[in-house]
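Structural description and commentary
Read off the chains here:
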Amino acid sequence: MASKLKYSSNVVYYGGIQSVLLNITTAPLTKSQKKWRVACIVIYISLSLVKKIVPKKKKILNPKYSSHTVLEIKPVPILADEVEDSRGVINTELDQTKLTEIVKNKNLAELHAFGGVQAVAELLETDAANGVNGDEQDLIKRRMKFGSNTYHKPPPKGLIHFVVEAFKDTTILILLACAGLSLAFGIREHGAREGWYEGGSIFVAVFLVVAVSAASNFRQERQFDKLSKISNDIKIDAVRDGRRMKVSIFDVVVGDVVFLTIGDQVPADGLFVEGHSFRVDESSMTGESDHVEVDLLHNPFLLSGSKVADGWSRMVVVSVGMNTAWGEMMSSITRDSNEQTPLQERLNKLTSSIGKVGLAVASFVLVVMLIRYFTGNTENDDGFQEFNGVDRDLNDVFNSVLRIVSAAVTIVVVAIPEGLPLAVTLTLAYSMKRMMADQAMVRKLSACETMGSATVICTDKTGTLTLNQMKVTKLCLGHEEIGHDFARVIGRDLLELFYQGVAFNTTGSVYKAKKTGSLFEFSGSPTEKAILSWAVQDMGMDIEKLKSDYAILRVETFNSEKKRSGVLIRSNADGSCYVHWKGAAEMVLAMCSSYYEVNGEMKRMSDEKRSQLEKIIQGMAASSLRCIAFAYRQMEPGESKPDEDDDDKSTTTKNLSEKDLTLLGIVGMKDPCRPGGRKAIQSCRAAGVDIKMITGDNIFTAKAIATECGILDPDEQVADGEVIEGVEFRNYTPEERMLKIDNIRVMGRSSPLDKLLMVQCLKQKGHVVAVTGDGTNDAPALKEADIGLSMGIQGTEVAKESSDIVILDDDFSSVATVLRWGRCVYNNIQKFIQFQLTVNVAALVINFIAAVSAGDVPLTTVQLLWVNLIMDTLGALALATERPSDDLMHNRPVGRTEPLITNIMWRNLLPQAFYQITILLTLQFRGRSIFNVDEEVKNTLIFNIFVLCQVFNEFNSRNLEKKNVFKGIHKNRLFLGIIVVTIALQIVMVEFLRDFADTVRLSLVQWGICVAVAAVTWPIGWVMKLVPVMEKPFLSYFKVLAFRL
């Protein structure tokens, strides 16, 4: 009796049982035969019942293993609302968890046991060609079952964190200690009702400073976090319901079919479905720098976070978000928002230096005041000696010493310009936010300030200076140029060859909805979309029919060195094979030995004809056309045989034939220049920034576009060495490159390595270099440059990650805007430094002279803290948020060696500080007699004039060089608002918070005197801007003097 059990959709067989049943006779049966007869009938009926119960639609997963018992199990849809195992328990995670682990661990054996990639796609209810259903209900269902493509991030720092950080400042802690002691002794001496004034006032002032500082830092943290989310929102190509579309990486779901090309980031863990020459960089996951080849048979696994290094493919998403190794890793990484820019580091050094000076002055003041107090040289408010060493209460002595220490510590607080780092943070955050609105996303803070120092910008052509909206406008066949009616003019056989070359040698795709009369949608790069659109709409190409008639055997993807791509296809009808090439016209032409005429006649390529075609290419390029040539060769029988039986069509085992090709034709595509490109280039050149165009296009096309955009002057003869090819630049000796590099304005037919070499040479000559790039191969140049500018639309993820700023609209006008903002950041910080140093110099000198000569400081602790608040926080807000002006683009670049505090700034701040010192010391020593007022009114006048001087000086600081400091002030509402708030709070401090601020009320006349004295800072500022400055840095004279001494 046979021992094989086999289920079929129609009949059930059981070895010899069927033969027994079919051979029933009327002959007498033995006892054993009767038993067998009954057993067979029972088995037959049982199996018939099983057949009725088991579903009819069954597949045998591995039919070739027929020598074994086959148990057919239909894959259970994971998306089903309820999936039960044999015990009736819902089981929706077992298979998905196992599948996730298979991909994570790259377990090929387990994948084969699962049924392979196709079985996984069916299990996930997706189509490898058309993707998931894509309706909202289906997507929601998938996210509920498998999760979203996001990862858990550590919570951002809260406001409390920044408050705690602010309280860690040593001077703040000392002031709090002083305030606590003052409060305790004040209450003990004067009672709770009046004794809290001095200590409580210091507490309030300190808390106010801390609160404003913490709130500002918290706001910037939220701003940076928001920008980080935007920068991580990568757009990828996915196909849903047969339609290719752009999808946010966060919206990718399990089952999605995703297209990947060079430079893309793998959005989730998945499996390779189809592709060619596909290699990925998994260094971000594994640390291995070698590129990993991915194919259908040997390694179909794709890990989230990897970057595509070569080729293209389609993948099916298997796991997303926290189910991927990338998600687990990213969830444990805390973003470092404490990135220090070069300017911030320089300012920290400046702050430290000023702080040391302030500490020295405060220490000296402390010693002098203590000596004067204990030697009996100080008087109280009633004019009596404060300390006589005999009948002085110990509490009074302690309070006096505490007041002296508090005043000294406050001098340190005022002297240390904490506002400098805050000003940088504010202006960077403000500029980042504004730059986002101006189509520039900052990825690295340092780029904001560095861009202001740029002396050279190396820019691409396509998409940056042009619109990147390609359109085929001309076709050259033989010696004829065709501009319209392509399909009618071209011979039928030649047309079919064009169809092959366009349909299969492309990374783009064509989609047409099923409904009648719908339009075609084209996906891919602008060049691919233009060619596909031309072939489908102007030449009548049916891409679906071609895909059914031919099979792709091998693909050679586009290479930036060779500047061409190729494909080997086989006809399903007769097995004939064709190799097709497409790429840079002059390079493809060099591979051809024959060509086609318009009527379809093939002719040998003579030297004369080759020269004629080269001139045609040059003529088309001179008309700003990008020239793409198509060539093919029909393979001889046996030439492609080694690959015919290769099951793995995703890899390239040998190069395609590049010899004895036949030129099909040359296509000319027009890419118009961007409307604002010429004006932006003129603006950059007027600002002293040199523009160099580096492109892979034909040198004649590059020259034409450069002339159209204003890089080259159409009215001037192009000088020798201004327009060169990449190979020429590459072949220069290092000395020749350094000698000629400043004269180069256009480089055509350049490779990414030429761009990198250009950047390195420019940096060696001392230039601050900005570079634009969109391709994966541009990454080295983007990293090498001082400022890397990647393109947001056409740029690959590798290029974006290598850059400092992403130009969201790919427009050179936005590059010029980034330059304006970079200069604005640098200029705003210089404005604030000038403003703050004026206050620092004045406060230190006044307190020092007053303490040494009179034994007391004219400003109390609370008053100095209030000045510190105006100077640091409100001043930073007012001056760090100025928008860029056109005047900034008329200055030369600051370069690398320009000092942070320029001679212009010293010219502006020293006279202002000298004026404030003179006025306040005059009031300190002669104020009572001049205004005939008592001590309290005199001190209030000093405090009021000092604050108002800073308010008026804020206007002077708005412009470092221009005399008219009020120009455009109506546009900066924040500045005006801060001025109004400062003045209002000062009135409240003087008139209503007398006990808190240790002030008295002033009359209108006295207020008028304060305003008049402070307003003198305006004419002083105007006059000083008439004084010319020297080229040599101001501080260098002190270095020379110190050296001589």
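Residues numbered from 1 in each chain as written. Predicted model: local features only at pLDDT ≥ 70, side-chain atom pairs only at ≥ 80, totals over all residues. Heavy atoms only, no water.

The test is simple: UniProt positions are given in the numbering used here, feature names are shortened, and annotations may be inferred rather than shown by experiment.
By the naming in an unreviewed UniProt entry, the chain goes by Calcium-transporting ATPase and is assigned to Rehmannia glutinosa. According to the UniProt record, the Subcellular location (unreviewed entry) comment for the chain reads "Membrane". As recorded by UniProt, the Catalytic activity (unreviewed entry) comment attached to the chain reads in full: "Ca(2+)(in) + ATP + H2O = Ca(2+)(out) + ADP + phosphate + H(+)".

Considerations on the environment of Ile174
In plain terms, the rule: Secondary structure counts use DSSP, requiring at least four H or I residues in a row for a helix and at least two E residues in a row for a strand, with both numbered from the N terminus. Buried, partly exposed and exposed residues are distinguished by accessible area as a fraction of the type maximum, computed with a 1.4 Å probe on protein chains only: under 20%, between the cut-offs, and over 50%, respectively.
Looking at where Ile174 falls in the secondary structure, it is placed in helix 8 (residues 170-190). For Ile174, a relative accessible area of 35% translates into the label partly exposed. With 231 residues separating them in the primary sequence, Ile174 and Val405 have C-alpha atoms 9.5 Å apart.

Focus on the pairing of strand 7 (residues 307-319)
Here is the rule we go by: We treat two strands as partners when DSSP finds at least two bridges between them.
Buried residues dominate strand 7, accounting for 11 of its 13 residues. The sheet contact formed by strand 4 (residues 269-281) and strand 7 spans 10 bridges and is antiparallel. If you follow Phe272 over to strand 7, its bridge partner there is Met315.

A word on a negative patch on the surface
We apply this condition: Put simply, a patch holds well-exposed residues, over 30% relative accessible area, that have no salt bridge, with like charges counted together within 9 Å and Val, Leu, Ile, Met, Phe, Trp or Tyr side chains within 5 Å. Surface accessibility follows the Shrake-Rupley procedure with a 1.4 Å probe radius. Residue values consider only the protein chains on display as shielding. In the sections that follow, a salt bridge refers to a side-chain nitrogen of Lys or Arg positioned within 4 Å of a carboxyl oxygen of Asp or Glu. His is not counted, nor are the chain ends; Lys and Arg add positive charge and Asp and Glu add negative charge. Charged groups are reduced to one reference atom each: NZ for lysine, CZ for arginine, CG for aspartic acid, CD for glutamic acid.
On the surface, Asp135, Glu136, Asp241 and Asp251 cluster together to form a negatively charged patch. In this structure, Asp135 sits in the loop between helix 5 (116-123) and helix 6 (136-146). Exposure remark for Asp135: the relative accessible area of 33% places this residue in the partly exposed category.

Let's talk about the packing of helix 23 (residues 677-686) against helix 24 (residues 699-709)
Helices that pack against each other are described as a pair by the angle of their axes relative to one another and the distance between those axes. Note the following rule: Every axis corresponds to a line fitted to the C-alpha atoms, with the helix fit spanning only the stretch in contact, and the corresponding angles, defined between N-to-C directions, vary from 0 to 180 degrees. Oblique is the label for any angle not covered by the other classes, which are roughly parallel (under 35 degrees), roughly antiparallel (over 145) and roughly perpendicular (65 to 115). Working rule for contacts: check all heavy atoms of both residues, and any pair within 4.5 Å makes them a contact. The nonpolar class holds Ala, Val, Leu, Ile, Met, Phe, Trp, Tyr, Cys and Pro. Asp, Glu, Lys and Arg form the charged class, and all remaining residues, Gly among them, are polar.
Axis separation between helix 23 and helix 24 bottoms out at 8 Å; the angle between their running directions is 75°. Classed by the angle they form, the pair helix 23 and helix 24 counts as roughly perpendicular. Contacts from Gly677, Arg678 and Ile681 in helix 23 reach Thr707, Glu708 and Cys709 in helix 24. In terms of residue class, the contact of helix 23 with helix 24 is built from two nonpolar, two polar and two charged.

Comments concerning a positive patch on the surface
A cluster of like positive charges, contributed by Arg219, Lys226, Lys433, Arg434 and Arg883, occupies part of the molecular surface. Examined against the element boundaries, Arg883 turns out to sit in the loop between helix 31 (861-879) and helix 32 (903-931).

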